[in-house]
Structures are given as C-alpha cells and as structure tokens.
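Next come the chains, spelled out residue by residue.
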Amino acid sequence: MSSGTAGVVRATGAECRKFAPNIFNKSKCSSCFKQKEEHSAEALECNRDAPRESFSIVIDVLAALAS
C-alpha cells in the first residue's frame, strides 16, 4: 500500500527557489515546509512579485467572464 504522498517531491529550504507562505502558518513555506528564514534572499524576493501576479490573473479571468 502506498501513502498519500507517493510521487511528491518536496524541495528543502536551501533548494526551494520561491518561498510561498503556508496558508495556515505564514512563517513556513508551502513548498518545502521550512521556515522563512531558511530560504535564500532570491527565494524570498520571488515571493514579493507573487501577489501582484496572482491579482493580475484574477483580473484577467474576471474580465473574460464579464465579456
């Protein structure tokens, strides 16, 4: 029998290229479950642009639905 995580590969904090806060614990990464402080400056910087990108996608979807 396999567990529910079979085939899932998780990055470690050092390898994680983009810190994405966990929905329940904002100090942990949703990709690798490491603390925010364990990520590189580049991984943290990538997170800064994420909300704007997501917001842009939502606006595009809403505009498409309205037309």
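Higher on the page you've got the structure.
Rules of the game
Residues numbered from 1 in each chain as written. Predicted model: local features only at pLDDT ≥ 70, side-chain atom pairs only at ≥ 80, totals over all residues. Heavy atoms only, no water. Helix = DSSP H or I, 4+ residues; strand = E, 2+ residues; numbered from the N terminus. Patch = residues over 30% accessible without salt bridge, like charges linked within 9 Å, V, L, I, M, F, W, Y side chains within 5 Å. Areas by Shrake-Rupley, 256 points an atom, 1.4 Å probe, with all protein chains shown as cover. Salt bridge = Lys/Arg side-chain N within 4 Å of Asp/Glu carboxyl O. Buried < 20%, exposed > 50% of the residue type's maximum accessible area, 1.4 Å probe, protein only.

> Would you mind showing me how to read the environment of Lys34 here?
Along the chain, Lys34 turns up in the segment before helix 1 (41–66). Expressed as a C-alpha distance, the spacing of Lys34 and Cys16, which sit 18 residues apart in the sequence, is 9.1 Å.

> Any chance you could explain a nonpolar patch on the surface here in plain terms?
Together, Val58, Ile59, Val61, Leu62 and Leu65 make up an exposed nonpolar region whose accessible area comes to about 460 Å². Considering the arrangement of structural elements, one finds Val58 in helix 1. Judged by relative accessible area, Val58 falls into the partly exposed class, the value being 43%.

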